[in-house]
Amino acid sequence: MIPLALDIATGAITVAMLLCGLRLLRGPEIPDRLLAIDTLYVNVVALVIVLGMRLGTELLFEAALIVAMLGFVSTVALARYLTRGDVIE
Amino acid sequence: MDTVNSAVEIIVSIMLLVGAFFTLVGAIGMVRFRDFFQRLHAPTKATTLGVGGILIASMIHGVAHGRYGIHELLITMFLFITAPVSANLLSKAALHLKVPSGAGHPDVARRTTTGGDSPRKKAKPVRSKGKPAA
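Just so it is clear, the structure is predicted and the values come from calculations on it, not from any experiment.

Q: Just to check I follow, could you spell out the nonpolar core for this structure?
A: Nonpolar side chains tend to gather and get buried jointly when the protein is soluble and globular. Formed by 28 residues in total, the largest nonpolar core has its most connected members in A:V45, A:I49, B:L16 and B:I75. Residue assignment for this core shows that the elements contributing at least two residues are α1 (2-26), α2 (30-55) and α3 (60-84) of chain A together with α1 (2-32), α3 (41-64) and α4 (70-97) of chain B. When residues of this core are assigned to their parent elements, the largest contribution, eight residues, is made by α2(A). Ignoring sequence-local partners within four residues, the contact set of A:V45 consists of A:A64, A:V67, A:A68, B:V51, B:I75 and B:L79. Membership of the second largest hydrophobic core comes to 14 residues, among which are A:C20, A:A36, A:A79 and B:L97.

This is how it looks when you write it as structure tokens:
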């Protein structure tokens, strides 16, 4: 039962990532594209965890944690650049 | 033992399906809503909940296979702390750039966002006080 659920979850997350890519390409304003990147990295975290469950390895959780941290830092840096015009004053 | 294993399988499968469903719903909402401030709602709630469901599934799966769910707990805490912060920063950036909104922009928002004294229609990074003249 678990492999079928893993297949369905992988498909749903892939479709969600494709929709994020659509918003990233089509977004009329810059914050829309930034929101698409933010959602894309959260989906990448979910996909890496599903892949770790499928492969049965523990090693991919560190990769998911690093993706989450780098995504948060990049979102904060880009949002501050849009707000203040500079990242670090 | 066998019934315990099948119960764990059913719970893990249900949590995986719930998580995948909410992730997909967040992405669909981000594509289909009309303006930016509506689009901000869908990923910051639904996608965070979906990733939480998938992490709970992975945690139960790992505990059933004889290891502890510390990594999943770390990722869950990190995502649940940082998702509202990044959404707040994104909405502040959108208010500062005067992104078109169906509800209009209040004057209070213009006063609380810092450094935005020149109203701009196009979304461009404002470099009003960027580099000193030297």
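Q: Explain empty space enclosed by the protein here, please?
A: Inspection of every chain in the model, using the stated rule, returns three cavities of 30 Å³ or more. Elements supplying a minimum of two residues to the lining of the largest cavity: α2 of chain A together with α3 and α4 of chain B. Among the residues making up the lining of the largest cavity, the classes are represented as five nonpolar, five polar and one charged.

Q: What is the right way to read the layout of surface pockets from this model?
A: Where empty space is left in the structure can be found by rolling a water-sized probe over the atoms. All names here are of chain B. The space that makes up the largest pocket amounts to roughly 160 Å³. In terms of lining residues, the largest pocket is bounded by F37, L40, H41, T44, K45, T48, F80, A83, P84, A87 and S91. Only α3 and α4 provide two or more residues apiece to the lining of the largest pocket. It is α4 that provides the largest number of residues to the lining of the largest pocket, a total of five residues. Looking at side-chain class alone, the lining of the largest pocket contains six nonpolar, four polar and one charged residues.

How each quantity is defined
Residues numbered from 1 in each chain as written. Chains lettered and ligands numbered in written order. Predicted model: local features only at pLDDT ≥ 70, side-chain atom pairs only at ≥ 80, totals over all residues. Heavy atoms only, no water. Core = buried A, V, L, I, M, F, W, Y, C linked by side-chain atoms within 4.5 Å. Buried < 20%, exposed > 50% of the residue type's maximum accessible area, 1.4 Å probe, protein only. Helix = DSSP H or I, 4+ residues; strand = E, 2+ residues; numbered from the N terminus. Contact = heavy atoms within 4.5 Å. 1 Å grid on protein atoms, 1.4 Å probe; cavity = no way out; pocket = protein on both sides within 12 Å on 5 of 7 lines; lining within 4 Å. Points joined across faces, edges and corners; volume = space filled by probe spheres on them. Nonpolar A, V, L, I, M, F, W, Y, C, P; charged D, E, K, R; others polar.

Without other data, these values stay purely geometric and don't point to any function.
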